[in-house]
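# Commentary on secondary and tertiary structure
Each chain is listed here by its residues.
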Amino acid sequence: MNRLVRPDRYPRSARYDPTWLLDLDMGPHPLWLLEDLAQDLDLRPGMRVLDLGSGKGASSVFLAREYGVHVVAADWWISAEEASAVFAAAGVGDRVEAVRAEAHVLPFDKASFDAVVSIDAFEYFGTSDSYVPYLAQFLRPGGQLGIATPAMTCEVRELGAIPAHIKKVVGGEAAAWHTPEWWRFHWEITEQVTVTSARMQEEGWRDWLLWTQACAEHQPHGQATHQPVIDMLTADAGEYLGFALVTARKD
């Protein structure tokens with residue numbers, strides 16, 4: 001677990017207790033993904049930011065503390081009461097509002113956010129042709145969109161099938177793990193946003209593996225739960241799997 005503190009690569013994230021993060025686990029290390037993604041965003045104090053698919057709230061706490069923004073944390077699976085307790089305990093209850101909302105029925109006014117950020121969630125709701133035009137209406141002119149999402153180095157369509165070691169663990173879910181260039185085209189063809197960066201996270205599969213190993217060590221029944229993902233990432237060794245980090249501005 002001590003290997004989750006990495007000031008050389010993720011100096012902001014290194015200030016957070018790994019145990020706290022592991023207790024909020026809902027997927028690969030959210031702060032590493034967000035800290036890397038934020039390098040391609042222009043987040044400034046006072047901005048209003050939608051954290052879409054915020055889970056148990058670690059990414060929302062990070063946004064409020066590290067960038068001084070006001071956050072609306074929206075998630076469908078975690079209740080607003082549960083998330084609010086996390087924010088209050090972290091001392092950001094006055095800067096983070098928890099909302100239970102489904103990504104296709106967002107209860108917000110148009111042009112009400114300076115940025116929308118989504119960490120390890122966009123693959124579940126954002127792949128349809130109509131989603132970015134829907135989401136863009138909530139951004140102010142010039143507003144920013146940024147996602148960190150599981151990715152493949154090559155489209156499944158080009159491979160002809162999901163590689164066996166990936167399909168064994170996640171099944172058809174991997175069909176939504178697209179390349180950065182797929183996301184670039186998918187967003188820009190809408191003429192709603194201009195993509196400002198689209199890249200694979202450097203050594204993202206290693207980060208994912210390290211986090212999963214820590215979860216297996218720390219959590220009750222963690223070995224049984226996380227060993228299939230550990231085996232998948234070990235077998236893959238970065239050939240196909242990683243994370244796409246994609247940012248854009250509303251036209």
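The notes below deal with the structure included here. (Residues numbered from 1 in each chain as written. Predicted model: local features only at pLDDT ≥ 70, side-chain atom pairs only at ≥ 80, totals over all residues. Heavy atoms only, no water.)

## Considering the overall build of the protein chain
Across its full length, the protein chain holds 11 helices and 7 strands. The C-alpha atoms of the protein chain give 17 Å as radius of gyration, which agrees with the globular expectation for 251 residues (18 Å, within 12%). In terms of its C-alpha atoms, the protein chain occupies a principal-axis envelope of roughly 45 × 40 × 35 Å. Burial status across the protein chain gives 57% buried among its 251 residues. In the protein chain, the share of contacts with a sequence separation of at least 24, taken over all contacts with a separation of at least 6, comes to 75%. On the protein chain, roughly 11,100 Å² of surface is accessible, and the fraction owed to carbon and sulfur atoms is 51%. Counting 21 positive and 35 negative side-chain charges, the protein chain places the centres of these two groups 3 Å from one another. (Helix = DSSP H or I, 4+ residues; strand = E, 2+ residues; numbered from the N terminus. Rg over C-alpha atoms; globule rule 2.2 N^0.38 Å. Buried < 20%, exposed > 50% of the residue type's maximum accessible area, 1.4 Å probe, protein only. Contact = heavy atoms within 4.5 Å. Areas by Shrake-Rupley, 256 points an atom, 1.4 Å probe, with all protein chains shown as cover. Lys, Arg positive; Asp, Glu negative; His and termini not counted. Charge placed at Lys NZ, Arg CZ, Asp CG, Glu CD.)

## Structural notes on the pattern of salt bridges
In total, this model carries 12 salt bridges according to the counting rule given. Between Glu66 and Arg15 there is a salt bridge; the shortest N-O distance is 2.5 Å. Residue Glu66 is found in helix α3 (residues 58–67), and its partner Arg15 is found in the segment before α1 (18–23); the two are separated by 51 residues along the sequence. The exposed category is assigned to Arg15, whose relative accessible area is 56%. Look at the salt bridges and you will find they share partners, linking Arg6, Arg9 and Asp207 into a network. (Salt bridge = Lys/Arg side-chain N within 4 Å of Asp/Glu carboxyl O.)

## Considerations on the nonpolar core
Of all hydrophobic cores here, the largest spans 59 residues; its most connected members are Leu43, Val49, Leu63, Phe87, Ile166, Trp208 and Leu241. In terms of residues, this core owes the most to one element, helix α10 (residues 204–218), which gives 8 residues. Not counting residues up to four positions away in its chain, the partners in contact with Val49 are Leu43, Leu63, Val69, His70, Val71, Val72, Phe113, Ala115 and Val117. In this structure, Ala121, Val132, Val193 and Ala248 belong to the second largest nonpolar core, which totals 30 residues. (Core = buried A, V, L, I, M, F, W, Y, C linked by side-chain atoms within 4.5 Å.)

## Notes on the pairing of strand β7 (residues 241–250)
Most of β7 sits out of view: 9 of its 10 residues are buried. With 9 bridges joining them, strand β5 (residues 139–152) and β7 adopt antiparallel strand pairing. Looking at the pairing, Met152 lines up with Leu241 of β7. In the sheet, strand β6 (residues 193–200) pairs with β7 via 7 bridges, with the strands oriented antiparallel. Bridge pairing in β7 links Val195 to Ala248. (Pairing = 2+ DSSP bridges.)

## Section: the sheet that holds strand β4 (residues 113–119)
Across the sheet, which stays open at both edges, the 7 strands sit in the order β3-β2-β1-β4-β5-β7-β6 with mixed pairing between neighbours. The sheet is open, and its two edges are formed by β3 (96–100) and β6, each paired on a single side. On average, each strand axis in the sheet is tilted by 15 degrees relative to the strand beside it, whichever way the strands run. Judged from the 5 bridges that link them, strand β1 (residues 48–52) and strand β2 (residues 70–75) form a sheet pairing that is parallel. Paired with Leu52 across the two strands is Ala74, which belongs to β2. (Axes fitted to C-alpha atoms, helices over the stretch in contact; angles between N-to-C directions.)

## Overview of unusual backbone geometry
At Asp120, a position not held by glycine, the phi torsion is positive, near 55 degrees. Position of Asp120 relative to the elements: it lies in the loop between β4 and α5 (122–125). The exposure class assigned to Asp120 is buried, which follows from its relative accessible area of 16%. The phi angle at Glu203 is positive, at roughly 55 degrees, despite the residue not being glycine. Its location among the elements puts Glu203 in the loop between β6 and α10. For Glu203, a relative accessible area of 36% corresponds to the partly exposed category.

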